[in-house]
Amino acid sequence: MGNRKHNGQETIVVALAGNPNAGKTSIFNVLTGTHQHVGNYPGVTVEKKEGDYHYKDKIFRVVDLPGIYSLTAFSIEEVVARQFLVEEMPDVVVDVLDSTNLDRNLYLAVQMMEIGFNPVLALNFSDEARFIGQVIDKSILEARLRTICVETIANRGRGGEDLKEAIYQAASNRAAPPRISFSEDIEREICLLQSHLDEAKLAPYPVRYVATKLLERDQELARFVLDRVSSPEELTRQIEQSIQSIETLTGDPPSILLGDQRHGFASGLVREATLSPPRYDRVSVSDRVDAVLTHRVIGLPFFLFFMYLLFWLTFTIGSFPMFWLEKMFQGLGHLIADAWPDASGLWARSLIVDGIINGVGGVLIFVPNILILFLGIAALEDTGYMARAAFIMDKVMHKIGLHGKSFIPMLIGFGCTVPAIMATRTLDNVRDRVTTIMVLPLISCGARLPIYMLLIPAFFAPRYQPLMLWCMYLIGIGLAALAAKLLRLTLLKGENTPFVMELPPYRMPTFRSITIHMWNRAWLYVRKAGTIILAVSIVIWFFNSYPKKKVFEVDQQVRNGVSLTDPQIDAARRAENLRFSISGRTGLALAHVTRLMGFDWKITTSFIGAFLAKEVFVAQLSIIYSLDKVSDSNVTIRQLLQRQYSPLIGFCIMLFALIATPCMATCACTRQETGGWKWTLLQFGGLTFLGFILTTIVYQIGSRLPW
Amino acid sequence: MKIGTISESLEDYLLIIQQLLQGQKQARVKEIADLKGVKMSSVSAALKRLSKLGLVSYSAREYVEMTPMGERLVRRLMTRFEQVKRFLQKILGVPDECAQHDAHGIEHHVSLETLDRLAAFLGFIENSPFARQDVPGQFAQYYSQCLVNVPNGVSAEEITEKFRQICLERSEESLLDLQPGEKAVIRKILATSAIRQRLVDMGILPNVIVLMERVAPLGDPLEVKIKGFHISLRKDEAARILVRRLGPQDN
């Protein structure tokens, strides 16, 4: 509160609030430009966006609150927003309103006023409001609410300067908000409750506000208050009495009445300030588009088409830069290897080339795909189509206990689990979010493709190959659905979130806003996944390399007269090293258990490497079978596999790869998004255990069948 | 031949013969006598009369067959009986055996005029606009109230009032009943607090006008328009929002 100083300049904290789809993000971008960063509110997985800008002689720090319809603490976003307002006490609050729906949008402003804030009103989408015939006299609004109104068209970048000026003014002249009065019956009970509350102990909440909220059965505030009152039982009794009294008198509980009256206040205000009312009956362009895209019959094909387009773009177009990056990293590795000064310190060279470049590079090559995928998703979200996707898919999602919005992360999961997990932020309900995150690794991500592409042609005749691939995908989807349903029935039991969701009008986003949107997510992927993967790469490299074997069998063979080329000797030495190393020994040890699944130590050791990233499985297997890098590895290894293992084992490998041990990046992301280790370990352990059980069953039964 | 031209007793015989003819080509006089509980001579006399009317062919003294004309008459008789029975069962909720037995009785003791109207009333309840209001169902509820309250001396007015309350809560239309393109005004929201709060926050309150837009391609959820914005709701959420349809005259 008061004068915050930053580098000698006064910093004004501005909170940005508003309904989802009111254009808050655009306003944020207009104010802060690229000076923004994304984080989390402490302890919860609610995105916190902050940014700043300079205006006149001051610095303004803008905090973008989550999009909310109300401050009644039923969703975590509302709780977070309210807590921020009350505890952090921003100097200015800006309420971004969708001018085409002023009544409903002002509902939030009314609640902020009850807490004691007097928001600056940004009348956004003012062009659309004018288009439907609405003309508002801003001065009336400003007079009634004792605040400043600014018309903005944020998605076109207009109104930013006026808004900055308004914020500047509001920071210096803080007028108290008008008092919101309710009906007689309610006011009476509020009075009664207030008499039981001690003003001093409730700071920073105003007493009247607390009393009102208690009537509405606000859980958060009830907890807060009951802790600080001298006789909680008496208060609880009074609350119940008051609520009962109102219900008996009016037939409705206070929460409905208060909501009604707040809406009434907002509409009355709007009506007073309206010079020309909006014509809602006109069929807008957006309605026309919806008539096609959510049409009973052709809506679904259109939807499937868009999804297909998204994937095609991500994987086909993304494959080019991915290929280049791969080459680049390989080249980098060779460059360093060749340029290494002397034969000493070879361990360091190995660490850098085999460990770090291979490990981290293996993940960074996905960045182009991720960027494209996120760009596509940002486009779909910013135009408003994602809401339709959730709308169309809800029936299916509901059947497995999830929300329509869970569909999108699952879709993304076909590409890579990491951005998929991050996409679950759009889900309102924590239970939905966690359930979705837990089952996402079951959806065959892009990294498993190399494994499938290696094993399927090795063991199955060409005419069965596409079928087998399909099979793996379907098994993944099926298991994900089952697991979700199971989780919702047991660990994550709870009321189904209401699906009440707004379908915003279609809007044309600017390229700039989509890019910012995309970059916010992509950067997190690069940074978080990158740092953890770097660390684990080093560890796995270590496990793969040490202890080092001194005497090699292959050398003995050469001495005995077996003729081998140098690369072959090299490869053989590498294979022996791997067997001698920690990874190898662990593989040998675990093989006693994995034998149940039909795996030998070689497969097991390869899976240890696969924890880093699934693609590594193939690389590890190649090393173990002592293939030198010169020959065409894929063909030779297929022949080797055919000789060593049966198709059943091949299938079991794929099954286990599908279900078990989510890759490290996934684990890191899960930890970040669920805010702790509990769910991460459960996910890892649960999936590995499930994979083990299912694969064992399949192997044991399969090996007993006649074919 | 019109219903009512022959005596009730003869009608009965026809029905019995028809019953016996299920599964065999001829009915035996003895069987008829047994079923009706009369002497064979009475049966013979009746059969002679029926034969003269052209409704049966009775020549062999032991066996009887139905003529086409007789079959047509029987069909008409059966319909009437069926209708009375259905009225008792479906509208009044009388148990099956009772209905079967009473339908016979009513058939014989009540005039044709009454029977016709009874049958017509059945058709009226089943086919008219009333069909949507489930009159028999509501009557069943009302009756169960009577069963409970009349022994306790509760008056008919009070029972009716109680029943009206039940009706108001259950039989009002909800958002689900609206077809795409129809407008309605919200009357009451019956929902758990979480859902209700969300609805209120979105502006879905009593006295608000809502327009039903469409149903999602897979059948669920629905999309409605309120003032200037669109909201999607699952069907089970929509079922809890009671509305009053707006006709073209309301605006």
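Residues numbered from 1 in each chain as written. Chains lettered and ligands numbered in written order. Predicted model: local features only at pLDDT ≥ 70, side-chain atom pairs only at ≥ 80, totals over all residues.

Topic: the overall build of chain A
For clarity, the cut-off: Helix and strand assignments follow DSSP, with helices taken as H or I runs no shorter than four residues and strands as E runs no shorter than two, numbered in order from the N terminus. Burial is judged by counting other C-beta atoms within 10 Å of a residue's own C-beta: 20 or more means buried, 12 or fewer means exposed, and anything between counts as partly exposed, with every C-beta placed from the backbone. Note on contacts: residues are paired as contacts if their backbone-placed C-beta atoms lie within 7 Å.
Across its full length, chain A carries 31 helices and 11 strands. Looking at chain A residue by residue over its 707 residues, the buried ones come to 46%. Partitioning the intrachain contacts of chain A with sequence separation of at least 6 by distance along the chain shows that 74% fall at a separation of at least 24.

Section: the sheet that holds strand E6 (residues 222-226) of chain B
Test applied: Paired strands, in this sense, are two strands between which DSSP finds at least two bridges. Only C-alpha atoms enter the line fits that serve as axes; for helices the fit covers just the stretch in contact. Angles between N-to-C directions range over 0 to 180 degrees.
If you trace the six strands from one edge of the open sheet to the other, you get E11(A)-E7(B)-E6(B)-E5(B)-E4(B)-E8(B), paired in antiparallel fashion. Of all the strands in the sheet, just strand E11 (501-503) of chain A together with strand E8 (241-245) of chain B have a single pairing partner and so form its edges. Across the sheet, the mean angle separating the axes of adjacent strands is 45° when strand polarity is ignored. Looking at chain direction, strand E4 (residues 183-189) of chain B and E8(B) are connected through five bridges and run antiparallel. Bridge pairing in E8(B) links B:Ile186 to B:Val243.

Focus: the interface of chain A and chain B
To keep it simple, the criterion reads: Only Asp, Glu, Lys and Arg are considered charged, only Ala, Val, Leu, Ile, Met, Phe, Trp, Tyr, Cys and Pro nonpolar, and every remaining residue, Gly among them, polar.
Each partner contributes to the interface: chain A provides 33 residues, whereas chain B provides 30 residues. Here the element with the most residues in the side of chain A that touches chain B is helix H16 (residues 385-399) of chain A; it accounts for six residues. Across the side of chain A that touches chain B, the residue classes tally to 14 nonpolar, 10 polar and nine charged.

Considerations on the nonpolar core
Soluble globular proteins: nonpolar side chains tend toward being buried together. Note the cut-off: Buried Ala, Val, Leu, Ile, Met, Phe, Trp, Tyr and Cys residues form a nonpolar core when they are connected through C-beta atoms within 7 Å.
Among the nonpolar cores identified, the biggest contains 197 residues, and A:Val14, A:Leu16, A:Val120, A:Ala122 and A:Met654 are the most heavily contacted of them. Leave out the neighbours within four places in its chain, and A:Ala122 touches A:Ile27, A:Val94, A:Asp95, A:Val96, A:Leu97, A:Val150, A:Thr152 and A:Leu163. Ranked by size, the runner-up nonpolar core spans 15 residues in total, among them B:Tyr13, B:Ile17, B:Ile32 and B:Val43.

Structural notes on the sheet that holds strand E2 (residues 56-57) of chain B
The strands making up a sheet associate through hydrogen bonds between their backbones, and the pairing can be parallel or antiparallel. All names here are of chain B. Read across the sheet, three strands follow the order E1-E3-E2 without closing on themselves; strand pairing throughout is antiparallel. Of all strands in the sheet, those with a lone pairing partner are strand E1 (27-28) and E2, marking the two edges. Examined bridge by bridge, E2 and strand E3 (residues 63-66) share two bridges and lie antiparallel to one another. Bridge assignment links Val-56 to a residue of E3, and that residue is Met-66. Sitting on the sheet, helix H1 (residues 8-20) is in contact with E1, E2 and E3, with an inclination near 95° to E3.

Quick notes on the pairing of E3(B)
Remark: a regular strand shows side chains that alternate across the two faces of the sheet. Residue and element names in this part refer to chain B. In E3, alternate side chains face the same way, and those of Val-64 and Met-66 are buried while those of Tyr-63 and Glu-65 on the opposite face are not. Looking at chain direction, E1 and E3 are connected through two bridges and run antiparallel. Each residue of the ladder has a partner; that of Arg-28, found in E3, is Tyr-63.

As for the environment of A:Ser276
Residue and element names in this part refer to chain A. Here Ser-276 is to be found in strand E10 (residues 274-276). Between the C-alpha atom of Ser-276 and that of Gln-134, which follows or precedes it by 142 residues, the distance is 5.3 Å. Each residue touching Ser-276, except ones within four places of it in the same chain, is listed here: Gly-133, Gln-134 and Val-135.

Describing the confidence of the model for chain B
Residues and elements named next belong to chain B. Test applied: Note: pLDDT gives the predictor's confidence per residue, expressed from 0 to 100.
Residues with a pLDDT of 70 or more make up 87% of chain B, whose mean pLDDT is 80. E6 holds the highest mean pLDDT among the elements of chain B, 92, whereas helix H8 (residues 156-170) holds the lowest, 70. The complex model carries a pTM of 0.69, and its ipTM stands at 0.77.

Observations regarding H16(A)
All names here are of chain A. Note the threshold: Expected helix span is given by 1.5 Å per residue-to-residue step, counting one fewer step than there are residues. Values of bend correspond, residue by residue, to the angle between axes fitted over the seven residues ending at that residue and the seven starting there.
Helix length check: H16, at 15 residues, gives a terminal C-alpha distance of 22 Å against a target of 21 Å (1.5 Å per residue), a fit within 8%. At Met-393, H16 shows its largest kink, close to 55°. For H16, the set of buried residues is Met-386, Ala-387, Arg-388, Ala-389, Ala-390, Phe-391, Ile-392, Met-393, Asp-394, Met-397 and His-398. Residue Gly-401 follows H16 closely and has a positive phi angle near 90°.

Let's talk about H1(B)
Residue pairs spaced three or four apart in an α-helix point in one direction, given the helix's 3.6 residues per turn. Residues and elements named next belong to chain B. Condition: Think of the arc as the fan of directions from the helix axis to the C-beta atoms.
For H1, with 13 residues, the first-to-last C-alpha span of 18 Å sits near the 18 Å given by 1.5 Å per residue. Those residues of H1 that fall on the buried side of the exposure criterion are Glu-11, Tyr-13, Leu-14 and Ile-17. Projected onto a plane normal to the axis of H1, the buried residues spread over an arc of 155° and lie on a single side.

Digging into the packing of H1(B) against helix H4 (residues 68-91) of chain B
Residue and element names in this part refer to chain B. What counts here: To sort the angles, those under 35 degrees are grouped as roughly parallel, those over 145 as roughly antiparallel, those from 65 to 115 as roughly perpendicular, and the leftovers as oblique.
Close contact between H1 and H4 brings their axes to 10 Å; oriented N to C, the two are set at 100°. The angle between the axes of H1 and H4 places the two elements in the roughly perpendicular class. Of H4, the residues touching H1 (which contributes Glu-11, Leu-14, Leu-15 and Gln-18) are Gly-70, Leu-73, Val-74 and Leu-77. In terms of residue class, the contact of H1 with H4 is built from five nonpolar, two polar and one charged.

Focus: the packing of helix H20 (residues 449-459) of chain A against helix H21 (residues 465-489) of chain A
Residues and elements named next belong to chain A. This is how the line gets drawn: Handedness of a helix crossing follows the sense of rotation of the near helix relative to the far helix, less than a right angle counterclockwise being left-handed and clockwise being right-handed.
Viewed as axis vectors pointing N to C, H20 and H21 meet at an angle of 140°, and their least axial separation amounts to 10 Å. Classed by the angle they form, the pair H20 and H21 counts as oblique. The way H20 lies across H21 gives a crossing that is right-handed. Counting all contacts with H20, which are made through Tyr-452, Ile-456 and Pro-457, the residues of H21 involved are Gln-465, Met-468, Leu-469 and Met-472. Its residues placed into classes, the contact of H20 with H21 shows six nonpolar, one polar and no charged.

Comments concerning the pairing of strand E5 (residues 209-215) of chain B
All names here are of chain B. Here three bridges tie E4 to E5, and the two strands are oriented antiparallel to one another. Its bridge partner being in E5, Lys-183 is matched across the sheet by Leu-211. Judged from the five bridges that link them, E5 and E6 form a sheet pairing that is antiparallel. Along E6, the bridge assignment pairs Arg-214 with Glu-223. The hairpin formed by E5 and E6 contains six residues between the paired strands, and Gly-219 there has a positive phi angle of roughly 105°.

Examining the environment of B:Ile186
Residue and element names in this part refer to chain B. In this fold, Ile-186 is placed in strand E4. On the basis of neighbour counts, which here come to 20 C-beta atoms within 10 Å, the residue Ile-186 falls in the buried class. The contacts of Ile-186, once residues within four sequence positions are left out, are Ile-204, Leu-205, Pro-206, Asn-207, Val-208, Val-210, Ile-241 and Val-243.

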